[in-house]
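# Structure at a glance
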Amino acid sequence: MNATMQRSSVAGRTSGKVATTARASSLARSRLPIAGRVARRSAVTVRAVAEPAVVDKAVVDASTKPVPSGGDPWEDEKWTKYKWTVYRGVAYDLTPYLARHPGGRWLLNLAIGRDATALFESYHLRPEVAAAQLKRLPVLADFPVEAVPPSPRPNDSELYNAIRERVRSEVFKGSEVKGAHRSGSEGAAFAVLGYAAAMYALYTYECNPLTGALLGLGGAWIGLTIQHCGNHGAMSTNPVVNNLMGLTNDLAGGSSLMWRYHHQVSHHIHCNDDALDEDVFSAFPLLRFDDRLPKAWYHQFQHVYMWVLFPFLQLVFQIGDWQALLTNRTQGATLYGASNFERQTLIAGKLAHYFLLYGLPAFLHGPTAMLGGAAGYLFTQSIVLAATFAVSHNVPETKPLDPGPTRVNLDESSVTRDWGVQQVLTSANWGGVIGNFFTGGLNLQIEHHLFPAISFMHYPAIAKIVEDECKKRGIAYSHYDTLPEILGRFVRYMKEVGAAPQKPVKRDGEMLMLSKF
């Protein structure tokens, strides 16, 4: 279910220019292109290639200003020798801090090669302390900051600052200094891992579609909880524990490396932005989650046929992970900071997953039994993940389909809109404490998007504060009582958006390219 989208490519240095590609829906938009990987002092040409299944092929060219005299930060040796990042308009060299980062190098790697302001500010409950540490790092003089697409700035959001202060004073009461906000999930981790281990033992003892389905529930539970929280650095104060919990994603069939770039760099920072949030367009053209995407005749039936596609979600992950490894990018983010070790863990994790799901059962019970059990695993895990993930950001309140505050917010440029308000408006909650335990806090999606680096066990308490602050300001706070209720609304939304005409985007100055994020 991947969208048609090609990577940026570097032309020969003798050509003096580079062609970069953007996804199909850009044809209907008027946006300011962003400088891509270009030769020194060269002009940039952005080409939007139409989606063949929707419209005829066409090419739209638009030129931008030359790269600044400081050079191209992604190509010129002057800058590529540094592990650089940009925070609030200043470029820093992260090299001396990579081994000392309290959250682990694997998390700090996400900041390399991009403006990481939103990552930095949304991941630290005490940003003033973290900013002081950042300012001790080497500043890169004459760095061409203007060539780097700017990031949103969460700390400029009055709503976000007010909520964060209350969370610190009312929920943690100063204990966040000792890492209390990253603690509390130990019992949940034990339950998830215990269930998954027991189901795998049953799967290897008697491999069939039923035991495969029971194991698939375990794989989905891992995906929703401990890998999710671990890869956000929120399962423990110990980065090694977080990393190990994150790597359970690889054993369950995903990729912790690709997940971090797709989920944290693209989705979390730019929730429901049709150009920058990979989750909006990654299923296109098979599924149309947003009326800013081109419409095909078959989308009017997507609320029916999506249930035929969802069981194959895990297989899509497999293809996407290997493709991203070869191309060095997910659909929404380039892997600038990914280390060779991280890439090796992807390969090792895939091989381990294939052995556990296919190899050992085939050896013990034969290929026929293995195929039945594996099918039960893949279909069950895929349906659970698709259903629980999709509802969080695909109901009318969280989309610009209808007039309202969400449309107003998303019509603004990604760097000028209120980041805190955006996270609230583009997310929807359901259920309470029980749902929080079984989904790793993903049922409380609003709180998760505001505080991804806080353990999900604290979200129910935080939700009361968020809802109260939103009520004071007249900001819509979407909450459904149960999963069936929001799931039903999601299905109706998919029918509505599938039939809706394509909406022109009003953000004339918005970024077109994704590659520099």
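Residues numbered from 1 in each chain as written. Predicted model: local features only at pLDDT ≥ 70, side-chain atom pairs only at ≥ 80, totals over all residues. Heavy atoms only, no water.

## Considering the nonpolar core
The following threshold applies: We call a set of buried Ala, Val, Leu, Ile, Met, Phe, Trp, Tyr and Cys residues a nonpolar core when their side-chain atoms join them within 4.5 Å. Burial classes: relative accessible area under 20% of the type maximum marks a residue as buried, over 50% as exposed, and values in between as partly exposed (1.4 Å probe, protein chains only). Runs of E in the DSSP output that reach at least two residues are strands. Runs of H or I that reach at least four are helices, and both are numbered from the N terminus. Note on contacts: a residue pair is in contact if any heavy atoms of the two residues lie within 4.5 Å.
With 46 residues, the main nonpolar core has Ile163, Val167, Leu450, Phe451, Ile454 and Val466 as its most contacted residues. For this core, the element with the most residues is helix α6 (residues 186-205), which contributes seven residues. When sequence neighbours within four positions are dropped, the list of residues in contact with Phe451 reads Leu125, Tyr160, Ile163, Arg164, Val167, Tyr459 and Ile462. Ranked by size, the runner-up nonpolar core spans 32 residues in total, among them Trp106, Ile269, Leu325 and Ala338.

## Observations concerning the environment of Thr237
Here Thr237 lies in the loop between α8 (226-231) and α9 (239-252). Look at Thr237 and you get partly exposed, because its relative accessible area is 45%. Considered as a pair, Thr237 and Pro102 are 135 residues apart in the sequence and their alpha carbons are 8.5 Å apart. Ignoring sequence-local partners within four residues, the contact set of Thr237 consists of Lys178, Gly179, Arg182 and Ser183.

## Focus: a nonpolar patch on the surface
Spelled out, the test is: Patch definition: residues above 30% relative accessible area lacking any salt bridge, with like charges linked at up to 9 Å and the nonpolar side chains Val, Leu, Ile, Met, Phe, Trp and Tyr linked at up to 5 Å. Accessible surface is estimated by sampling points in the Shrake-Rupley manner with a 1.4 Å probe; for residues, cover comes only from the protein chains shown. Salt bridge criterion: a side-chain nitrogen from Lys or Arg within 4 Å of a carboxyl oxygen from Asp or Glu.
Together, Phe312, Leu315, Phe379 and Ile383 make up an exposed nonpolar region whose accessible area comes to about 310 Å². Note on placement: Phe312 falls in the loop between α12 (302-309) and α13 (313-327).

## Let's talk about the pattern of salt bridges
Overall, the coordinates contain 19 salt bridges when judged by the stated rule. With a shortest N-O distance of 2.6 Å, Arg88 and Glu121 are connected by a salt bridge. One end of the pair, Arg88, is in the loop between β4 (84-87) and β5 (90-93); the other, Glu121, is in helix α3 (residues 117-123), and 33 residues separate them in sequence. On the basis of relative accessible area, Arg88 is assigned to the partly exposed category, the value being 26%. The partner of Glu342 in a salt bridge is Arg260, with the nearest N and O atoms 2.9 Å apart. Taken together, the residues Glu342 in helix α14 (residues 340-365) and Arg260 in helix α10 (residues 256-268) connect sequence positions 82 residues apart. Salt bridges here are not isolated pairs; linked through shared partners, they connect Glu158, Arg166, Glu170, Asp468, Glu469, Lys472 and Arg473.

## Some words on the pairing of β4
Spelled out, the test is: For two strands to pair, DSSP has to find at least two bridges joining them.
Going residue by residue along β4, you find Trp84 and Val86 tucked away on one face and Thr85 and Tyr87 tucked away on the opposite face as well. Sheet topology note: the β4/β5 ladder contains four bridges and is antiparallel. Bridging from a neighbouring strand, Val86 pairs with Ala91 of β5. Connecting β4 to the next strand, β5, in antiparallel fashion are two residues, including Arg88 with a positive phi near 50°.

By themselves, these are just geometric observations and shouldn't be taken as functional.
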